[in-house]
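Each chain, written out:
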Amino acid sequence: MTTHLQELLESNRLWAKKMEARSPGFFTGLLQQQAPQYLWIGCADSRVPANELVDLLPGELFVHRNVANVVVHSDLNCLSVIQFATDVLQVKHIIVVGHSNCGGVMAALTDRRIGLADNWIRHVQDVRNRHQPWLDTLDESQRVNALCELNVVEQALNVCQTTIVQDAWQRGQALVVHGWVYGLHNGLIDDLTMTVAGSDDVAGAYERALAAVRERHEGAKVR
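Quick look at the structure, then. Every value quoted in this text rests on a predicted model; they were computed, and no experiment measured them. (Residues numbered from 1 in each chain as written. Predicted model: local features only at pLDDT ≥ 70, side-chain atom pairs only at ≥ 80, totals over all residues. Heavy atoms only, no water.)

1. Observations regarding the side chain of Asn151
Moving on, step 1. Relative to the assigned elements, Asn151 resides in helix α8 (residues 140–161).
Moving on, step 2. Overall, Asn151 belongs to the buried group, its relative accessible area being 1%. (Helix = DSSP H or I, 4+ residues; strand = E, 2+ residues; numbered from the N terminus. Buried < 20%, exposed > 50% of the residue type's maximum accessible area, 1.4 Å probe, protein only.)

2. As for the side chain of Asp45
Moving on, step 1. When you line up the elements, Asp45 lands in the loop between β1 (38–43) and α3 (50–53).
Moving on, step 2. Side chain to side chain, Asp45 and Arg47 meet in a polar contact 2.7 Å long.
Moving on, step 3. Dropping the residues within four chain positions of it, Asp45 is found in contact with Arg65 and His99. (Polar contact = N/O pair within 3.5 Å; in protein donor to acceptor, adjacent residues only side chain to side chain. Contact = heavy atoms within 4.5 Å.)

3. Focus on the packing of helix α6 (residues 118–130) against α8
Moving on, step 1. Where α6 meets α8, the axes come as close as 10 Å, and the angle between the chain directions of the two elements is 105°. Taken together, the axes of α6 and α8 are roughly perpendicular relative to one another. Two secondary-structure elements touch here, α6 through Val124, Val127, Arg128 and Arg130 and α8 through Leu147, Leu150, Asn151, Glu154 and Gln155.
Moving on, step 2. The residue makeup of the contact of α6 with α8, split by class, is four nonpolar, two polar and three charged. (Axes fitted to C-alpha atoms, helices over the stretch in contact; angles between N-to-C directions. Parallel < 35°, antiparallel > 145°, perpendicular 65-115°, else oblique. Nonpolar A, V, L, I, M, F, W, Y, C, P; charged D, E, K, R; others polar.)

4. What about the pattern of salt bridges?
Moving on, step 1. One pass over the full model with this rule turns up seven salt bridges.
Moving on, step 2. Put simply, Asp45 and Arg47 hold a salt bridge, and the shortest N to O gap is 2.7 Å.
Moving on, step 3. With a relative accessible area of 15%, Asp45 lands in the buried category. (Salt bridge = Lys/Arg side-chain N within 4 Å of Asp/Glu carboxyl O.)

Any functional reading would require information beyond the geometric quantities listed.
Shown next as structure tokens:
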């Protein structure tokens, strides 16, 4: 183990040189006010690098990450990011992105104790409990990814219910909330059809997204 992380500093210098060679003036351009169109709320998992997955450059994606991509109405960190993105940056899309085989979701599903994070993962356990009767009908091997998808739908619902997003919609601001899941096994993102463009769309989109999750996993169970 190195002490000064020189290899990362060298990698940074090489990356900056490559970026500048590809797009001269790139970094001086970043000194201007950022104007991303998207807020990504994702998992802190190191295998899910937001910008790279959708091939966007620095400055094009506003990002908030935490364990298991949770949106809690009492989490001032997440709410501050949503408020800044919505009111100041005027993003057009808020995307909640989970991923397959999420460690936090696995812990929530199996009641595995991991430490202080147990209190955070409690929110995912609430999702599990809400959908437990249906999860119990699935093969054990399917339950983690099914809960990953359910968690995305529920957290996207939480985004829709924040005062920030509700106020934006009420004043006519164009803002769409999405729920996506990333497959670690294939590198692809799937749209969970939790797509909401206004207060009147929330309930219908939520029910459609839940139905789509159930259909997908029940179909896999049959096969």
